[in-house]
Amino acid sequence: MKLRYVDHNEHDIFTTIAYAEDDVAQDDKICECKIDVDPATKTWTISSWYTMEKHKHHGYGKLTLRECLNSIAAVYGVPAKVEYIWNGANRYVFDWLEENFGAVSKCPIAVQKYANDDDWDSHVYILNREKFLAYFHLRE
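What this report covers is the structure whose coordinates are included nearby.

Secondary structure summary: the protein contains four helices and seven strands in total. Start at the N end of the protein and walk to the C end: the helices and strands fall as β-β-β-β-α-β-α-β-α-β-α. The buried share of the protein, taken over its 140 residues, is 40%. Contacts in the protein between residues at least 24 apart in sequence constitute 53% of all its contacts with a sequence separation of at least 6. For the protein, the accessible surface area stands at approximately 8200 Å², while carbon and sulfur atoms represent 51% of it.

Structure follows, in structure tokens:
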């Protein structure tokens, strides 16, 4: 299936939605990706990235993420830092992040281990910038 992308940027939040190329009505979303950009620190935070259930495991998510990244790079160049917010669902996503980009939690393990409540930083992972740039073919 060929994809068609709709890109949107509002207040440095880039959104890319993938549809089947022949879906003119745009009523069958395949995948969506949102990345928040902090222009001051050149930090890109992947805040939402999901593929609709019936389209999972076909590579559409990676293609949509790459499209969103290229849209941002065209405006800001490459990031100085890349973060990913993982909500704990779909463990295979975290495994992929860890394997390919060495994902490390912003929240120190000692805090995670002994904290009584859920800390937001424990959901934010820092990705290895160089591996990320190489994987998605982003050039400085």
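Attention now goes to the pairing of strand E1 (residues 3-10). Alignment of E1 against strand E2 (residues 13-20), held across eight bridges, turns out to be antiparallel. Within E2, the residue paired with Asn9 across the bridge is Phe14. With antiparallel pairing between neighbouring strands as the criterion, E1 and E2 make up a hairpin whose turn holds two residues, including His11 at a positive phi of roughly 55°.

Along an α-helix, a turn takes 3.6 residues, which lines up residues three or four apart on a common side. With 17 residues, helix H1 (residues 60-76) ought to run about 24 Å at 1.5 Å a step, and its terminal C-alpha atoms sit 24 Å apart, in line with that. Three or more residues of H1 are buried, namely Tyr60, Gly61, Thr64, Leu65, Cys68, Leu69, Ser71 and Ile72. For H1, the secondary structure elements touched by its buried residues are E1, E2, strand E3 (29-38), strand E4 (43-51) and helix H4 (129-135). Looking at the residues trailing H1, positive phi occurs at Gly77, about 80°.

A few words now on the pairing of E3. Sheet analysis places E2 next to E3, joined by seven bridges and oriented antiparallel. Bridge assignment links Tyr19 to a residue of E3, and that residue is Lys29. Relative to E4, E3 runs antiparallel, the two being bridged by eight bridges. Note that in E4 the partner of Cys31 across the bridge is Thr51. The antiparallel hairpin formed by E3 and E4 contains four residues in its connecting segment, where Lys42 sits at a positive phi of about 55°.

The next point concerns the pattern of salt bridges. Summed over all chains, the structure comprises seven salt bridges. Here Lys81 ties to Glu83 by a salt bridge, and the two come within 3.6 Å at their closest N and O atoms. Between Lys106 and Glu83 there is a salt bridge whose closest N-O contact spans 3.3 Å. In this pair, Lys106 is assigned in the loop between strand E6 (104-105) and helix H3 (109-114) and Glu83 in strand E5 (residues 81-85), connecting sequence segments 23 residues apart. Classification of Lys106 by relative accessible area gives partly exposed; the value is 35%. On the basis of relative accessibility, which here comes to 7%, the residue Glu83 falls in the buried class. Beyond isolated ion pairs, a larger network of salt bridges with shared partners links Lys81, Glu83 and Lys106.

The rules we used
- Residues numbered from 1 in each chain as written.
- Predicted model: local features only at pLDDT ≥ 70, side-chain atom pairs only at ≥ 80, totals over all residues.
- Heavy atoms only, no water.
- Helix = DSSP H or I, 4+ residues; strand = E, 2+ residues; numbered from the N terminus.
- Buried < 20%, exposed > 50% of the residue type's maximum accessible area, 1.4 Å probe, protein only.
- Contact = heavy atoms within 4.5 Å.
- Areas by Shrake-Rupley, 256 points an atom, 1.4 Å probe, with all protein chains shown as cover.
- Pairing = 2+ DSSP bridges.
- Expected span 1.5 Å × (residues − 1).
- Salt bridge = Lys/Arg side-chain N within 4 Å of Asp/Glu carboxyl O.

Everything listed is a geometric property; what it means functionally is a separate question.
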